[in-house]
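# Descriptive analysis of the structure
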Amino acid sequence: MASALINVPKTAKRGDIIEVKTLMSHIMEPGYRHTASGQMVPRDIITSFTCRFNGTEIFRTDLFPAIAANPFITFFTRATGSGKFEFEWIGDNGFSETASASISVE
Amino acid sequence: MHDVNPTSRRRFLGLAGSAALCSTVPIVTLRPADATPAMLASAIRNVVGEADLHTGKVKLDVPPLVENGNTVPMTVSVTSPMTPEDHVKSIHVFNEKNPQPNIGNFYLGPHAGRAQVSTRIRLADSQKVVAIARLSDDTFWLASVDVVVTLAACTEEVI
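First, a word on what this report is: a plain description of the structure on this page.

What counts and how
- Residues numbered from 1 in each chain as written.
- Chains lettered and ligands numbered in written order.
- Predicted model: local features only at pLDDT ≥ 70, side-chain atom pairs only at ≥ 80, totals over all residues.
- Heavy atoms only, no water.
- Helix = DSSP H or I, 4+ residues; strand = E, 2+ residues; numbered from the N terminus.
- Buried < 20%, exposed > 50% of the residue type's maximum accessible area, 1.4 Å probe, protein only.
- Expected span 1.5 Å × (residues − 1).
- Arc of directions from axis to C-beta.
- Pairing = 2+ DSSP bridges.
- Core = buried A, V, L, I, M, F, W, Y, C linked by side-chain atoms within 4.5 Å.
- Contact = heavy atoms within 4.5 Å.
- Buried area = accessible area lost by both parts, 1.4 Å probe.
- Salt bridge = Lys/Arg side-chain N within 4 Å of Asp/Glu carboxyl O.
- Polar contact = N/O pair within 3.5 Å; in protein donor to acceptor, adjacent residues only side chain to side chain.

Now for the overall build of chain A. When you go through chain A residue by residue, the secondary structure sums to zero helices and eight strands. Along the chain direction, N to C, the helices and strands of chain A fall in the order β-β-β-β-β-β-β-β. In terms of principal-axis extent, the alpha carbons of chain A reach across some 60 × 20 × 20 Å. With 106 residues in all, chain A has 47% of them scored as buried.

Moving on, we come to helix H2 (residues 37-48) of chain B. All names here are of chain B. In a regular helix each residue adds 1.5 Å, so twelve residues correspond to 16 Å; H2 covers 16 Å between its end C-alpha atoms and thus fits that length. Every buried residue of H2 is accounted for by Leu-40, Ala-43, Ile-44 and Val-48. The arc that holds every buried residue of H2, seen down its axis, measures 125 degrees, which confines them to one face. Exposed side chains of H2 directed beyond 90 degrees from the buried face belong to Ala-38 and Asn-46. One or two positions beyond H2, positive phi appears at Gly-49, with a value near 70 degrees.

The next subject is the pairing of strand S6 (residues 72-78) of chain A. All names here are of chain A. S6 sits mainly inside the fold: five of its seven residues count as buried. Note that strand S3 (residues 17-24) and S6 share seven bridges and pair antiparallel. Each residue of the ladder has a partner; that of Val-20, found in S6, is Phe-75.

If you look at the biggest cluster of nonpolar residues, it comprises 56 residues, and the most contacted ones within it are A:Phe59, A:Phe75, A:Phe87, B:Ile91 and B:Leu108. The element contributing the most residues to this core is strand S9 (residues 140-151) of chain B, with five residues. Those residues within four positions of A:Phe75 in sequence are excluded, and the remaining contacts are A:Ile18, A:Glu19, A:Val20, A:Phe49, A:Cys51, A:Ile58, A:Phe59, A:Phe87, B:Gln116 and B:Val117.

This part is about the interface of chain A and chain B. Each partner contributes residues to the interface: chain A has 32 residues there, and chain B has 31 residues. The contact between chain A and chain B buries some 2800 Å² in all, and 51% of this surface belongs to carbon and sulfur atoms. Its largest share of buried area at the contact with chain B, chain A owes to A:Tyr32, A:Ala66 and A:Phe76, together 22% of the area lost on that side. Linking chain A to chain B there are zero salt bridges. The interface formed by chain A and chain B includes 14 residue pairs in polar contact (both at pLDDT 80 or more). Residue assignment for the side of chain A that touches chain B shows that the elements contributing at least two residues are S3, strand S5 (56-63) and S6 of chain A.

In structure tokens form, the structure reads like this:
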């Protein structure tokens, strides 16, 4: 069961630079490990993370097996107006999760 | 009573000595397919192309000594005014010795306000981590940090 944690300030002044923190729970199996019996564990990672604000892409990341389990990504953005952040994680084996957060800018 | 046969003792020591000698014969160890410095260089070339790499502007924050390579906090920040004319387009992070040279690509733009991203990464060995920033004028800036890792990630056995 996948779940996301998002931390975005609820309010901001116009022009402020705000920090967006995101965490998606995911095993991020790198695909280079094997079991005690020598079997390779297949890769299962999130490959892409996108953040859109009111429909416009503002941040995107390509993830590789070298990103730790439960990918935690933080970045900054300028508060230009009230609206909604939409987050999307896409990964192996059809993994796809979304989350959103709203901000009001005065 | 204490009838120690000197011949057998000498023979024993001789045998022990030759056994010790045998063990110095090089032992072939199997290593996982690591990303080599050559792979790191080619991964960087894939992003940078023929452009020159400059040192500076980029700050890569990774602890120099890591106990557990499974989660290593990492922050990349770039000195930039982040205006439409002069901003950071993307940040690319690479490593030297994980099975794969890539760690992550981060795409931002002038609306970011501050060119800084953080995440948590895996490191399979003590190695060099490289961060490259692409600016809006298509110049590339680089920073690298050497990290010592005590417990490696990525290739351990699954319990």
